[in-house]
Every structure is written in structure tokens, then in C-alpha cells.
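# Fold and contact review
This is what each chain is made of:
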Amino acid sequence: MNFLSIFDVIGPNMIGPSSSHTAGAVAIALSARKMFGGEITRVTFTLYGSFAKTYKGHGTDKALLGGILGFSTDDERIRDAFELANEMGVEYKFHIDEETVTNHPNTADILLENENGHKLFVRGESIGGGKMKIVRINNVNVEFTGEYSTLIVQQIDKPGVVAHITQCLSLHNINIAFMRLFRESKGTAAFTVVESDQPIPRDILQYIKINPNVQDLMLIEM
Amino acid sequence: MDFYNGQVLLDLCNSENMPISAVMKEREITEGTLTSEEVDAKLVTVLNIMKDSSHKPIEKPGKSIGGLIGGEAKKVNDFGKTSVSVAGDMLSKAMSYSMAVLEVNASMGLIVAAPTAGSSGVVPGVLMALKEEKGLSDEILYKGLLNAGAVGYLLMRNASVSGAEAGCQAEVGAASAMAASAVVEIMGGTPEQCLAAASLSISNLLGLVCDPIAGLVESPCQSRNAVGVANAITSAELALAGVIHPIPFDEMAEAMYRVGKSLPFELRETAMGGCAGTPTGCALGCNICGK
């Protein structure tokens, strides 16, 4: 069992009204923003299940957009996320899908885009108490919580890539807490997700990039 | 220093001659990732948010997103100052402060989940009222928060604090137990009396269902927080007077969990039963969700 801190009990400090429908939604979107890594000009959300049914009364839409704008779960600007997105030049759209059945009732899809045509698709689940899981990146099913420093490597599924990644981490003295490989199918697009309980320095990315089978890198810093 | 149930906690308090708050802080430092200074700094933040959220809507009431609540805290606070108030200063203040936190929460304001957003009014409501009535310093309140955190941790670990899993008894019931135990330590009670107060609190709300109208954290959540406050104050008073609950805290936590597990699905945060399932509750739900 993970250590339960007093601040898991008396906490989180959060914008209400609901840890799962508000705080968890912020956390999903904030992780998506960090994964995208640059300026976001357009975002499209799709809400499923309980998110689709009760988003208005829980402010789930503002929470998701707030996370995209870089607000954390205790940021009072979340309430004004629509106005602030307009000011910051972020276009946003919400689709409400009550038909599709997802694995978890509180599920949101986020499609991020910038002016250069760079796109990233992320699916997240809000699993209760403000905690969340990212369960899909583009077409690949993944699973991580965003509670650790997380390195996500998009790669071609070929031998030697994982060894290269672990060697780079080891040379930088990074201790791996969890590491998993996810792929669409054999030999196609794959993601390696590395979670560490110490900060992963950004300059490590340039070393990992050297491998020709590494296509893209994302870093969720704590 | 760690503990996994109430008995081990009491044994530690007695062998180390420490109050529950001190054992909880020691546990956080030795078992967790924070330093003593970091724990203190986080407690300051928590208390500041609690102070703000329990007072703001009394000065400036606003409407909730769902529109079911807004302005109740001010009403109760104003009424408490009149000669026809029946609650007395401590209870009246604690009720209005707890209801204020729920108003802040329901209007997308900043609160501390304690242990959840739906029950976030009870601990600050009781502590803020006690601070005013007894002239307490913030330093004493930090100890109260640590004590409440110990009880909440045990319930989270060994039972549940989720309405979806175990009903409102697990949310407002747990929050009452946390607040009651904190009050007992603050007022000089023993660790045994703290856990007796927590046991009393849980048993008083045993079986309480989670039935939010329209699925929103508004009604009956807000008035349940006022009841949670009354329950905490009652339980603390009983324990301080030397009334012992026959059922030890650990057994009571397990009983609460079992009762919660045996609650039907409709009465666990699904907005299908209880208040939410009444004709009026359903109609309000349809109006809010626009169907």
C-alpha cells in the first residue's frame, strides 16, 4: 500500500465542487498540456459517461480547460477558464458523448493542436479523490498516473530502443520507479513510459533523441 | 514511527507519552517524504484556506453552479446572533462556517477536502468556531489538524471515506469523527478520549446514505455538514465528560465499512435514491442538467 500522508486525508487543496469531476479533470488536462510541451492554440474535448451527464453542475468543462491553460487543481482562475482561454488565444470546443461506453465512467478525450499542425491526442480517466490515469496517447493504450516525474518516449518498435533509454537514464543517475512499454502492434508505433520519484532533467532528452528509432519525447515534470 | 489502527496509535501515545497530533507528525516525517518544516508550511496553507472558505460566503454570499444552494451560511450566521436562536454560539457559528465551506465548494472556490469535498465543511467549521469561542492560537489548531488527520487516515486505510463506496456516513461521518477527536485533544482530553469521541461520531451517523440531488455536491450535502458539526461537538462533549463508547474505534471503523458495503447502489452517490430519488429531487435534477 502506498504511504497515506496527512495531506491525502486533509487535502487535496482544490477548486470545488468534486474531487473526481473537478480536481481530477484539471489533473488530466494539466498532464496533457505538459505532454504537448509547447503553445496550444486549439483544444477539443470529448466527455463520456458521468462526465458527459454532470459536467455542467461540476464545472468539469472549466476544470479541463483550466488544466490546458496550465492551472493546477487549487488555482482560483479555473472558475474563469472560458474568459481566460479567449484572452490567451486558445480556441476550445466540447463534444458531449453520452452514447459511447468507456472503461471508466469519468473519461475525457483531449485533442491538442498548435499553429504548425502539431497534434496530440490524450485520453484520461478520473479515478477518484482527484487522482487520474492517462490511458491513451494517440492510437496507443498506455497507463500512468502523473504522480511521478514521467518520461514518455514515442518510438518505432525495434530492438535496442529501450536499452538506449535505460542507458541514458543510468548515465544521468536517474532511478527508475516504474517502466513499461506500450505498442499499437508489433513493429509499429510504441511508447515507453518511465516514472521516477526524482526529477528527470530536461537535458536528458537530447541524448535519448540520438537513437534514430526515437520519434518524439515528452516529459511531465513535477 | 507508524501505526495501522487505533489500538497501535493509543499504545504509541502511551509508551511515548505523546498526544495523537505528535505521533501523527512523527509518522509523517519518518515514514513520508516531507520534513518537519514542510509539514508545518503545508498546515499553514491548509488552515489559511479553511479560514477563508469558512468566512467568505458569510460576508459575500453567492449562488452555486447547480443553483440549489447559496446564502444559507449567512442566514444561519445572522440568525445565530438573534435572541430567538436556539443553538448557542459555538454550535451556531460552527454550523454556519461549515455551510459556508460547502457554498465555496459549490461555486468553484478553493477548499480543502477533509477528508472529501462533500464533507469539507465539518473540520473547518468546528475548528474555526472553537478558535473564536475559546480564543485559541493557530498553533493549537495545527495540532487539531494533525489529530484529525490521524483519525481520517485510519478511516481511509481501514474503512472508506468515499460516498460512492460507503455512503455519507463515510464522508460526513468520517469528518465528524476527525473533528470530534481534534476538539478533545485541543481541550486537554486523553488520546483514549479522542478515539472514544471518534467512535461516538461514527456510530451516531452509522448508515447515513449518500443521495445528492442531481448528483451535485450541494443538497443535502450542505445541511449534512451542519449536522456533522453538531455530531462532532456532541461526541467531543460526551467524551470529555468521560462517556466511553462501548465499541472500540477500530471495531467501529470496520462496522461503518460493512454497513457502507451493504448499502444498495442507489444510496451510494448515484443520485438515484434518497433525496435525489424523490419526485422533487428528480425534477430538480432534470432542470439542472437540462433534460
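Criteria and thresholds
- Residues numbered from 1 in each chain as written.
- Chains lettered and ligands numbered in written order.
- Predicted model: local features only at pLDDT ≥ 70, side-chain atom pairs only at ≥ 80, totals over all residues.
- Helix = DSSP H or I, 4+ residues; strand = E, 2+ residues; numbered from the N terminus.
- Buried ≥ 20, exposed ≤ 12 C-beta atoms within 10 Å, placed from the backbone.
- Contact = placed C-beta atoms within 7 Å.
- Pairing = 2+ DSSP bridges.
- Axes fitted to C-alpha atoms, helices over the stretch in contact; angles between N-to-C directions.
- Core = buried A, V, L, I, M, F, W, Y, C linked by C-beta atoms within 7 Å.
- Domains from an automatic or database assignment.
- Parallel < 35°, antiparallel > 145°, perpendicular 65-115°, else oblique.
- Left-handed = near helix turned anticlockwise from the far one by under 90°.
- Nonpolar A, V, L, I, M, F, W, Y, C, P; charged D, E, K, R; others polar.
- pLDDT = per-residue confidence, 0-100.

### Here's the deal with the overall build of chain B
Assigned secondary structure in chain B consists of 14 helices and one strand. Taken along its principal axes, the extent of the C-alpha atoms in chain B is 60 × 40 × 40 Å. Every one of the 291 residues in chain B was classed for burial, and the buried ones make up 60%. Of the contacts formed within chain B by residues at least 6 apart in sequence, a portion of 77% connects residues at least 24 apart.

### Focus: the overall build of chain A
Summing up its helical and strand segments, chain A has seven helices and 11 strands in all. For chain A, the C-alpha atoms occupy an extent of roughly 50 × 45 × 35 Å along the three principal directions. Across the 222 residues of chain A, 44% fall into the buried class. Excluding contacts between residues fewer than 6 apart, the proportion of contacts in chain A whose partners are at least 24 apart in sequence is 67%.

### Quick word on the sheet that holds strand β9 (residues 178–183) of chain A
In a beta sheet, neighbouring strands are held together by backbone hydrogen bonds and run either parallel or antiparallel to one another. All names here are of chain A. The sheet built from four strands is open, its strands ordered β9-β10-β8-β11 with antiparallel pairing. With one partner strand each, in any of the chains shown, β9 and β11 (214–220) form the two edges of the open sheet. Across this sheet, the average inter-strand angle for adjacent strands is 15 degrees, counted without regard to direction. Of the pairings in the sheet, the one linking strand β8 (residues 149–156) to β11 comprises six bridges and is antiparallel in character. Bridge pairing in β11 places Q154 opposite D216. Contacting β8, β9, β10 (189–196) and β11, helix α6 (residues 161–171) crosses the sheet at an angle of about 25 degrees to β10.

### Considerations on the nonpolar core
If you look at the biggest cluster of nonpolar residues, it comprises 161 residues, and the most contacted ones within it are V126, A179, A180 and V183 of chain B. Among the elements that take part in this core, helix α9 (residues 172–186) of chain B stands out by supplying 11 residues, more than any other. When we break this core down by domain, the ones giving at least three residues each are domain 1 (6–137) and domain 2 (149–220) of chain A.

### Considering the packing of helix α7 (residues 138–158) of chain B against α9 of chain B
All names here are of chain B. With their axes 8 Å apart at the nearest point, α7 and α9 run at an angle of 140 degrees to one another. If you check the angle between α7 and α9, you find them oblique. In this structure, α7 crosses over α9, and the sense of that crossing is right-handed. Where α7 approaches α9, its residues I140, K143, G144, N147, A148, V151, G152 and L155 are matched on the opposing element by A174, A177, M178, A179, S181, A182, E185 and I186.

### What to know about the pairing of strand β2 (residues 42–48) of chain A
One face of the sheet, then the other: side chains in a regular strand alternate in exactly this way. Residues and elements named next belong to chain A. Pairing geometry for β2 and strand β3 (residues 91–97), over seven bridges, is parallel. When the bridges of β3 are listed, R42 appears paired with E91. Sheet topology note: the β2/strand β4 (residues 107–113) ladder contains six bridges and is antiparallel. Each residue of the ladder has a partner; that of R42, found in β4, is E113.

### Focus on the environment of D138 of chain B
Mapped onto the secondary structure, D138 of chain B falls in helix α7. Between the C-alpha atoms of D138 of chain B and L68 of chain B, which are 70 residues apart in sequence, the distance is 34 Å.

### Side note on the interface of chain B and chain A
Tallying the contact residues gives 38 residues for chain B and 28 residues for chain A. Put simply, the parts of the chain that give the side of chain B that touches chain A at least two residues each are α2 (20–31), α3 (36–59), α5 (89–106), β1 (110–112), α7 and α14 (279–289) of chain B. When residues in the side of chain B that touches chain A are grouped by element, the largest group, eight residues, is from α7 of chain B. Residues belonging to the side of chain B that touches chain A are distributed by class as follows: 24 nonpolar, 10 polar and four charged. Pairing of strand β1 (residues 13–15) of chain A with β1 of chain B, which is carried by three bridges, proceeds in the antiparallel orientation. Pairing of M14 of chain A across the sheet is with I111 of chain B, part of β1 of chain B.

### Comments concerning the confidence of the model for chain B
Note that predicted coordinates carrying low pLDDT should not be read in detail. Scored by pLDDT, chain B has a mean of 96; 99% of the residues are at 70 or more. With a pTM of 0.92, the predicted complex shows an ipTM of 0.95.

### Side note on the sheet that holds strand β7 (residues 140–144) of chain A
Residues and elements named next belong to chain A. Strand order across the open sheet formed by six strands is β3-β2-β4-β5-β6-β7, with mixed pairing between neighbours. Of all strands in the sheet, those with a lone pairing partner are β3 and β7, marking the two edges. Each strand axis lies, on average, 20 degrees off the axis of its neighbour in the sheet, ignoring direction. Sheet analysis places strand β5 (residues 119–128) next to strand β6 (residues 131–137), joined by six bridges and oriented antiparallel.

### Some details on the domain arrangement of chain A
Residue and element names in this part refer to chain A. Domain boundaries assigned for chain A yield domain 1 (6–137) and domain 2 (149–220). Spacing between the C-alpha centres of domain 1 and domain 2 amounts to 25 Å. The partner domain 2 presents four residues to the five residues of domain 1 that form the contact. No other element matches helix α2 (residues 19–36), which puts three residues into the side of domain 1 that touches domain 2. The class makeup of the residues in the side of domain 1 that touches domain 2 is two nonpolar, two polar and one charged.

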